[in-house]
Structure formats: C-alpha cells, structure tokens
Amino acid sequence: MGIMTGKKGVVFGVSNKHGIAYGIANELFKEGAEIAFTYAGDIMEKRVRPIAEEMNAKIIMNCDVTNEDEIKAVFAECEKVYGKLDFVVHAVAFANREDLQGEFLNTSKEGWDTALGVSAYSLVSICRNAKPVMNEGGSIFALTYIGSTSSVPSYNIMGVAKAALEASMRYLAVDMGKAGIRVNCLSSGPVKTLAASGISGFGKMLKAGAMKAPLKRNVTLEDVGKAGLYLASDLSSGTTGQILFCDCGCHSAYSSGEEMEILASACQE
C-alpha cells in the first residue's frame, strides 16, 4: 500500500507526459491515489484522456478555469463519484506568446488580464469551490516559479502572474485553514516541458540554472513529482501558506559572472 492509498483528488492542468503536472500525478498514482483530470478544449482532451485512462481515472472533464460554472461542475462530479476529496493540484497557467517576448513595459491590458485571470485568480475560484467537498486535513497546492520574485529573461507577465498566485496562496491558506485545509505553492526549477518551449532562450536558462544550483544539475520530473507528493500527502500535515522550492537549491545561490552572461545572452534571443 502506498501513502496515498484511499486518497482522492483532482489535478487541473495535465497536458502531456513531459509536463510537471504529469510528473506529480504519476507519483500520486504510483502511491495509490485516485485522480480526476480536467482538460481545456477538444485539442487538450486528445492529449489528456489517454494519460487519465492509464491512471484509471473515473472522471475526465472539460474545464475552462476562467469559467466558475465549469469549476463548480468538476467538484460536483467529484463529490458524486468520490464523496469528499483529499487533494487538489493547480497546474494551470497561460500568457499570450507576445507578452512573453520583448520588453515587459509593452504588456497589453488584455494580456495582463488574461495571464492573471488564468494563472492566479483561478486558484481563488478553485479553492472556493473545493472547500465544501474536501476532507479536513486536505491539501491544495499550485505550481509557481522563481520568476515571481526575480526578473527572469522572457518570463515577463508570467512572473507577475506567479507573484499574484503566491500572494493569493497565503491569504487562501488563512481562509481554508479554518476548515483544516492546507494551501501551498511548489516552485520548481526549470524543466524541459511543452510550456517552457514558449520561453525564448530557455535552453540557455537551463544551462545557467545547472551552473548556479548547489547540486550542479537541473531538477527532473521525478524530483518535482516527489515534492508534489509530499505536499498532497499527510507528510505535509503541518505545512501551509508556504512555498516549497524544488530546484536543486538554485533559488538560494548567487549567480556567477558566467551565469549572468549566459542569461543576458538568452534575453537577447
């Protein structure tokens, strides 16, 4: 029996087997969790459904996280099928490609609203609708990145969205804590994912990250999956309102001159 045997939850944001959300879902599944999956639109369904079926999912539903009615529908179905839930994973983020390029000062109002609505406010909506159907001792956590507190080349508006996500998490931890539900963020180091492919110069950012990290490497999906397992499980029963870094120590180390040159080069691409 795994540490998640008997635990039930939903993962918002799995898109393919190369993404962080998949890495987390896979570790949860291996430890015995029952997982519901959501997808956004027909194109994503073709990617998500095979993954969900491999993990014996009883629920595979469309959900646009900017539509609260669709979020409500997901949790209503989860309660119908599973009863109470034990964990929720928020792995949803989006920004227009043009807002991840060039200078941040050229971010449009529409681009701002889109990025913060999908990537940050959705956590508020999800928590609000998850609260009535979660067990005491349950866990909700969202994925973030160090671009929330430091300027990262070509991360732009997504850095602002992640900062809003992290601030929201702390306030939600207070509100949800009244029901015994934990809310945290997991900050992963750079991983080669489909989402990362939209960031200019990402390959050089990986190289600089490995040079900077005390462990002298980048994290793997398995590394991040295990960190997600900790947050979703009872192992983190006393942890809430926190950001758990899983980046081989990169966030805690100074940048060398060579690393800064690599990052500057990436920024110019």
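Residues numbered from 1 in each chain as written. Predicted model: local features only at pLDDT ≥ 70, side-chain atom pairs only at ≥ 80, totals over all residues. Heavy atoms only, no water.

Next up on the list: the packing of aromatic side chains. Counted by the stated rule, this structure contains two aromatic pairs. Relative to phenylalanine 75, the ring of phenylalanine 12 has its centre 5.8 Å away and its plane inclined at 45°; by these criteria the two rings are tilted. One end of the pair, phenylalanine 12, is in strand β1 (residues 8-12); the other, phenylalanine 75, is in helix α3 (residues 68-82), and 63 residues separate them in sequence. Accessibility classification places phenylalanine 12 together with phenylalanine 75 in one group, the buried group. Judged by centre distance (5.0 Å) and plane angle (65°), the ring pair of tyrosine 145 and tyrosine 155 falls under edge-to-face. Placement of tyrosine 145 in the loop between β5 (134-144) and α5 (156-177) and of tyrosine 155 in the loop between β5 and α5 is noted, with a sequence separation of 10 residues between them. Each member of the pair, tyrosine 145 together with tyrosine 155, is buried. (Phe/Tyr/Trp six-rings, centres within 6.5 Å; stacked < 30°, edge-to-face > 60°. Helix = DSSP H or I, 4+ residues; strand = E, 2+ residues; numbered from the N terminus. Buried < 20%, exposed > 50% of the residue type's maximum accessible area, 1.4 Å probe, protein only.)

Under the criterion given, the structure shown has nine salt bridges. Across the pair glutamate 27 and lysine 30 runs a salt bridge, and its minimum N-O distance is 3.1 Å. Placement of both glutamate 27 and lysine 30 in helix α1 (residues 20-30) is noted, with a separation of three residues, approximately one turn of the helix. With a relative accessible area of 7%, glutamate 27 lands in the buried category. In this structure, glutamate 34 and lysine 58 form a salt bridge, with 3.3 Å as the shortest nitrogen-oxygen distance. A residue pair is termed long-range when its members are at least 10 positions apart, and glutamate 34 in strand β2 (residues 34-39) and lysine 58 in the loop between α2 (42-54) and β3 (60-62) qualify at 24 residues. Taking relative accessible area as the criterion, glutamate 34 reaches 27% and is therefore assigned partly exposed. (Salt bridge = Lys/Arg side-chain N within 4 Å of Asp/Glu carboxyl O.)

Counting buried positions along strand β4 (residues 85-90) yields six of six residues, so the element is predominantly enclosed. Two strands pair when backbone bridges link them, and β1 and β4 are joined in this way by four bridges, in the parallel orientation. Along β4, the bridge assignment pairs glycine 9 with phenylalanine 87. In this structure, β4 lies alongside β5, joined through five bridges in parallel fashion. Within β5, the residue paired with histidine 90 across the bridge is alanine 142. Note that the unit made of β4, helix α4 (residues 109-130) and β5 has a crossover that is right-handed. (Pairing = 2+ DSSP bridges. Right-handed = clockwise from strand over helix to strand, strands pointing away.)

Another aspect to go through is the packing of α1 against helix α7 (residues 221-232). Angle between the axes and distance between the axes are the two parameters that describe a pair of packed helices. Relative to each other, α1 and α7 sit at 60°, their axes nearing to 7 Å. Between α1 and α7, the angle is such that the two are oblique. For the pair α1 and α7, the crossing hand works out as right-handed. Counted together, Ile20, Gly23, Ile24, Glu27 and Leu28 of α1 and Leu221, Glu222, Val224, Gly225, Lys226, Gly228, Leu229 and Ala232 of α7 form the full contact between these two elements. Tallied by class, residues from the contact of α1 with α7 come to seven nonpolar, three polar and three charged. (Axes fitted to C-alpha atoms, helices over the stretch in contact; angles between N-to-C directions. Parallel < 35°, antiparallel > 145°, perpendicular 65-115°, else oblique. Left-handed = near helix turned anticlockwise from the far one by under 90°. Contact = heavy atoms within 4.5 Å. Nonpolar A, V, L, I, M, F, W, Y, C, P; charged D, E, K, R; others polar.)

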